[in-house]
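Structure assessment
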Amino acid sequence: MTENLTKETFLEKVFNFEENKEWKFKGDKPALIDFYADWCGPCKAIAPVLELLSQEYEGKIDIYKIDTEAEQELSAAFGIRSIPSMLFCPAEGQPQMANGALPKAELERIIAEVLKVEK
């Protein structure tokens, strides 16, 4: 199940950018964070794919969604200019951003390469 994050839950579960300048991931497993908006067609198209991935990778990665309209400060903090944008947060190391409604196979490849997680 994907989970919607607010700024408050993001600071708690992912990264507290108010306290830390350097990236310090707070999650207990890798995460994929989808920056989206309700009015965005490609965002709506990728939503079922993310739900499916959240079931397939259950217990291995967390999949979060951030509404860019409601959470403008979070969007600005990550320089989100186009949506959907996805932030891939490995348990160790730097996060990587991907833009656009990527096909499921491409998302799986990034999960394997960046997050180091296999199904």
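So, here is what we can say about the structure in this document. (Residues numbered from 1 in each chain as written. Predicted model: local features only at pLDDT ≥ 70, side-chain atom pairs only at ≥ 80, totals over all residues. Heavy atoms only, no water.)

1. Remarks on the sheet that holds strand 2 (residues 31-36)
- Spatially, the five strands line up as an open sheet ordered 1-3-2-4-5, and their pairing is mixed. Two strands in the sheet have a free side with no partner beyond their single neighbour: strand 1 (3-4) and strand 5 (96-99).
- Judged from the six bridges that link them, strand 2 and strand 3 (residues 62-67) form a sheet pairing that is parallel. Looking at the pairing, Phe35 lines up with Ile66 of strand 3.
- Sitting on the sheet, helix 2 (residues 41-56) is in contact with strand 2, strand 3 and strand 4 (85-89), with an inclination near 155 degrees to strand 3.
- Along the sheet face, helix 4 (residues 104-113) touches strand 2, strand 4 and strand 5 and points at about 25 degrees away from the line of strand 4. (Pairing = 2+ DSSP bridges. Helix = DSSP H or I, 4+ residues; strand = E, 2+ residues; numbered from the N terminus. Contact = heavy atoms within 4.5 Å. Axes fitted to C-alpha atoms, helices over the stretch in contact; angles between N-to-C directions.)

2. A short note on the pattern of salt bridges
- Under the defined criterion, the tally for this structure stands at 12 salt bridges.
- Between Glu56 and Lys119 there is a salt bridge whose closest N-O contact spans 2.8 Å. Linking Glu56 in helix 2 with Lys119 in the segment after helix 4, this pair joins segments that are 63 residues apart in sequence.
- Given a relative accessible area of 29%, Glu56 falls into the partly exposed group. (Salt bridge = Lys/Arg side-chain N within 4 Å of Asp/Glu carboxyl O. Buried < 20%, exposed > 50% of the residue type's maximum accessible area, 1.4 Å probe, protein only.)

3. Description of the nonpolar core
- Ranked by internal contacts, the top residues of the largest apolar core, which has 18 residues, are Phe10, Val14, Ile33, Phe78 and Cys89.
- In terms of residue count, strand 2 provides more of this core than any other element does, three residues in total.
- Beyond its immediate chain neighbours, meaning those up to four positions away, Val14 contacts Leu5, Thr9, Trp23, Lys24, Phe25, Lys26, Gly27, Ile33, Tyr64 and Cys89.
- Judged by nonpolar contacts, the second largest core, of 17 residues, contains Leu53, Tyr57, Leu115 and Val117. (Core = buried A, V, L, I, M, F, W, Y, C linked by side-chain atoms within 4.5 Å.)

4. What about helix 2?
- For helix 2, with 16 residues, the first-to-last C-alpha span of 24 Å sits near the 22 Å given by 1.5 Å per residue.
- If you look at helix 2, its biggest bend is around 30 degrees, right at Ala47, and the proline Pro48 turns up within four residues after that.
- If you follow the buried residues of helix 2, they end up packed against strand 2, strand 3, strand 4 and helix 4. (Expected span 1.5 Å × (residues − 1). Bend = angle between axes of the 7 residues up to and from the residue.)

5. A short note on the environment of Ser54
- One can find Ser54 in helix 2.
- Judged by relative accessible area, which is 7%, Ser54 ranks as buried.
- Note: C-alpha distance between Ser54 and Met1 (53 residues apart in sequence) is 5.5 Å.
- With sequence-adjacent residues up to four places away left out, Ser54 is seen in contact with Met1, Thr2 and Ile63.

6. Quick word on the environment of Ser85
- Structurally, Ser85 is set in strand 4.
- Taking the C-alpha atoms as reference points, Ser85 and Ile66, 19 residues apart in sequence, are found 10.0 Å from one another.
- The residues contacting Ser85, other than those within four sequence positions of it, are Ile33, Asp34, Phe35, Ile80, Met97, Ala98 and Asn99.
- Side-chain polar atoms of Ser85 contact the side chain of Asn99, separated by 2.7 Å. (Polar contact = N/O pair within 3.5 Å; in protein donor to acceptor, adjacent residues only side chain to side chain.)

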